[in-house]
Amino acid sequence: MPEIRQATLEDANEISNVLIRSITELCAADHLDDPELIKGWIENKSPEHICQWLKEGAHMRLSLANEGIGAVGCYSTDGMIQLLYVAPDARGQGHSSALLQHMENEMRDKGVDAARLVSSKTAQDYYLKQGWEIDGERVVCYTTDGQPMRKQLISSNT
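The rules behind the values
- Residues numbered from 1 in each chain as written.
- Predicted model: local features only at pLDDT ≥ 70, side-chain atom pairs only at ≥ 80, totals over all residues.
- Heavy atoms only, no water.
- Helix = DSSP H or I, 4+ residues; strand = E, 2+ residues; numbered from the N terminus.
- Rg over C-alpha atoms; globule rule 2.2 N^0.38 Å.
- Buried < 20%, exposed > 50% of the residue type's maximum accessible area, 1.4 Å probe, protein only.
- Contact = heavy atoms within 4.5 Å.
- Areas by Shrake-Rupley, 256 points an atom, 1.4 Å probe, with all protein chains shown as cover.
- Lys, Arg positive; Asp, Glu negative; His and termini not counted.
- Charge placed at Lys NZ, Arg CZ, Asp CG, Glu CD.
- Phe/Tyr/Trp six-rings, centres within 6.5 Å; stacked < 30°, edge-to-face > 60°.

### Examining the overall build of the protein chain
Next, step 1: Scanning the protein chain from N- to C-terminus turns up six helices and eight strands.
Next, step 2: The C-alpha radius of gyration of the protein chain comes to 15 Å, within 12% of the 15 Å expected for a compact globule of 158 residues.
Next, step 3: Its C-alpha atoms put the protein chain at 45 × 35 × 30 Å along the principal axes.
Next, step 4: Counting over 158 residues, the protein chain shows a buried share of 47%.
Next, step 5: A fraction of 61% describes how many contacts in the protein chain between residues 6 or more apart in sequence connect residues 24 or more apart.
Next, step 6: Summing over all exposed atoms, the protein chain offers an accessible surface of approximately 8,300 Å²; the carbon and sulfur share of this is 48%.
Next, step 7: Measuring between centres, the 15 positive side-chain charges of the protein chain sit 3 Å from its 24 negative side-chain charges.

Pasting the structure below:
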């Protein structure tokens, strides 16, 4: 099981690199290798933006790989998964799944009944396999579109 920890300001450059590489190398189904679509998607993934998010108290978590960061995730206190990206070199090694489960557990522990996210086309089947459900029509997301999804974290019978 990969080690999960809170992101720090010192991680900002590597986090930015993971996010940008994941989007550009793994999300072609969404951006169709269109430079303008990619530019719009990654423009807020700079180290400066990441430092700002962390200074504002972002719940950003990292899954650590032998080579560095295997995946980056972030969620809000109201139960929105704001991002979950895997490093291309770490894909298929369990980093995203471990990190997603960790974030779901943290949200559940904070009393979040149901988590939400907007999935890329690239990640939609992954989330469905992780127990997430489609939650409405596709929406505009950065320079492409995304699929709203939801997952019940706390049973309504408790």
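### Details of the packing of aromatic side chains
Next, step 1: Tallying each qualifying case throughout the model produces two aromatic pairs.
Next, step 2: Ring centres of Tyr 127 and Trp 132 lie 6.0 Å apart, and the angle between their planes is 65°; this geometry places the pair in the edge-to-face category.
Next, step 3: On the basis of relative accessibility, which here comes to 2%, the residue Trp 132 falls in the buried class.
Next, step 4: By way of ring pairs, the aromatic residues Tyr 126, Tyr 127 and Trp 132 are connected into one cluster.

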